[in-house]
Amino acid sequence: MENPTPTKCSVLIVGAGISGITAAKRLAENGVDDFVIVEASDKIGGRLRKEDFGGVAVELGAGWIAGVGGNKTNPLWEMARQSNLRTCLSDYSNARFNIYDNNGNIFPAEVAAEAYNKAVESAVAKLNNQESDEKPTSPKRPIYLAIDFMLHDFEMAEVEPIPTYVDFGDNEFLVADSRGYEHLVYELAKSFLSTSDGQIMDSRLKLNNVVRTMEQSRTGVVVTTEDGNVYEAKYAILSVSIGVLQSNLISFSPPLPIWKTEAISNIDIMVYTKVFLKFPHRFWPSDSDKEFFMYAHQTRGYYTFWQSMENAYPGSNILVVTLTNEESKRIEAQSDEETKSEAMGVLRAMFGAHVPEASDILVPRWWNNRFQRGSYSFYPVHVDHHLLDRVKAPVGRIFFSGEHTSDKFNGYVHGGYYSGEINTCRRIMASCTGWDGRVMFLSALIFIGMDTSKALIEEMKTEIARENETQSFLLQPFLALTLPQFDIPTHLLHRLSEAIL
């Protein structure tokens, strides 16, 4: 079989989620339109994905615009307003007072409040590396397990200050629009990709192209897909999830350096599964303060957190139960019928034997999706920032983007947006303005910290051709404009420039 003719471009973007699409948009706006976007699936949007279920559009992945109502405006909220995206305010605070035991009784408010306060105190103590009054190995009552699940797996701000809510406000809005949350990504894409009758028809967007190998040299990057398509680019933006980076889907030649692979492997992956159940009629309370309710079980996270879709879609008769991590992986490995049977057992424990059988069920499988391998990244509050710096640092001509590379907003959709708009695009733009790679390697040095500077300087020496003495004059103004914002001592800048030139 003859070798396929490669598709050549200046920048190849791997992944058409919000990060990859935003990066491409910013490149186009700055005059770099010689790019190609390759996406493994059959549509853009990444983990923003809706599906029609029970007569309405439900969000399989991210479902909320988190961080609304503060002094700063969340960019996604502004985009949603411009698109007239239908949303509904979500208030989790009442969930703690709607906790059912396995006999169908709601725990008294004073019992729930006491349990909640103790859980918050325990979580804060652990966060501050203090000893809790309760030993970690001691058995916990189901109500404590339910509240612990709500606090940690729903990122309640009572436990820790979360930048999303500090910066943008405490409110969260559920997307309840037939066009889906993904509509925002399509609107971004249509602003710079050519369309026909409202559909993206741009030849620079390549769907169903599963990248398997990335080979880079001192002059560029060669990418090969599962179907044998070949792309050659001067630079690549790798905008895949942290789960994909941890998997063996994409192989690198030469292999990624140890500092990079170790950083990637040290990031936790959250698996967040929303199981949708359709019923012939509603049997649960429909008051606005009953939208969220919980089930207290001796196993933490066992069909714990429930949401009625009546506020979002009145008359839909749909319930959603959220499972995470090990419970998510467990139900992904079993049949939908088994999951439905378990969920029905929980519902009948809460509401009685008269509960009708669900007429339909929808179980997303983010963990077993080889193009995602999880839902989002998770960094502890007291994360070593050198770890994050290494995760987002470029390696040669390959740049990394996605919510897992966001300093403040990792794990959130707007984190992916900002990583594509700011972190990655600025560095790519600098690399595409005639410096022939210098900015790229300087960025790598700066963003991973000085601990690995010696190895990178050696790489820079071999990568960058020696220039004549006049180029030292050209480089100094650039260093003066670019590097001081990282608080690098002046004497080190001079040594760095000498090492390069």
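Summary of the structure given here. Once a new chain begins, its residue numbering starts again from 1 and follows that chain's sequence as written. With pLDDT at 70 or above as the cut-off, local features in this predicted model cover only qualifying residues; side-chain atom pairs require 80 or more to be listed or tallied, and sums for whole chains, interfaces and linings still use all residues. With hydrogens and water set aside, each side-chain value is computed from the structure's full complement of heavy atoms.

As for the pattern of salt bridges
What counts here: Should a side-chain nitrogen of Lys or Arg be within 4 Å of a carboxyl oxygen of Asp or Glu, the pair is scored as a salt bridge. Secondary structure elements follow DSSP: runs of H or I no shorter than four residues count as helices, runs of E no shorter than two count as strands, and numbering proceeds from the N terminus. Summary of the burial criterion: residues with accessible area below 20% of their type's maximum are buried, those above 50% are exposed, and those between are partly exposed, where the area comes from a 1.4 Å probe applied to protein chains only.
The tally for this structure, following the rule as stated, stands at 23 salt bridges. With a shortest N-O distance of 2.8 Å, Arg-26 and Glu-29 are connected by a salt bridge. A residue pair is termed a helical-turn pair when its members lie 3 or 4 positions apart in one helix, as Arg-26 and Glu-29 do in helix H1 (residues 18-29) at three residues. What makes Glu-29 partly exposed here is its relative accessible area of 47%. The structure contains a network of salt bridges with shared partners spanning Glu-337, Lys-340, Arg-348 and Glu-357.

Let's talk about the sheet that holds strand S6 (residues 87-90)
Convention followed: When DSSP finds two or more bridges between two strands, those strands count as paired. The axes are straight lines fitted to the C-alpha atoms, using for helices just the contacting stretch, and the angles between their N-to-C directions are given from 0 to 180°. Contacts: residue pairs with any heavy atoms within 4.5 Å of one another.
Pairing in this open sheet of three strands is antiparallel, and the strands run S5-S8-S6 from one edge to the other. Where the open sheet ends on each side, the last strands, each with one partner, are strand S5 (64-68) and S6. Geometrically, the sheet is characterised by an average inter-axis angle of 30 degrees between neighbouring strands, direction not taken into account. Bridge count for S5 against strand S8 (residues 171-175) is four bridges, and the pairing is antiparallel. Across the sheet, Val-68 pairs through a bridge with Asn-171, a residue of S8. Docked against the sheet, helix H2 (residues 75-82) engages S5, S6 and S8, running at close to 115 degrees with respect to S5.

Description of unusual backbone geometry
With an omega dihedral of -5 degrees, the bond running from Ser-253 to Pro-254 counts as a cis peptide bond. Here Pro-254 lies in the loop between strand S15 (251-253) and helix H8 (258-265). Phi at Asn-208 is positive, roughly 55 degrees, even though this residue is not glycine. Along the chain, Asn-208 falls in the loop between strand S11 (205-206) and strand S12 (211-216).

Quick word on the sheet that holds strand S21 (residues 360-362)
Strand pairing in a sheet is mediated by backbone hydrogen bonds. Such pairs are either parallel or antiparallel. Taken in spatial order, the six strands line up as S7-S18-S19-S20-S17-S21 in an open sheet, and their pairing is mixed. Each having just a single partner strand, strand S7 (99-100) and S21 make up the two edges of the open sheet. For S7 and strand S18 (residues 292-295), the ladder comprises two bridges, and the chain directions are parallel. Looking at the pairing, Tyr-100 lines up with Tyr-295 of S18. Lying over the sheet, helix H9 (residues 325-332) contacts strand S17 (272-278) and strand S20 (318-324), oriented at roughly 115 degrees with respect to S20.

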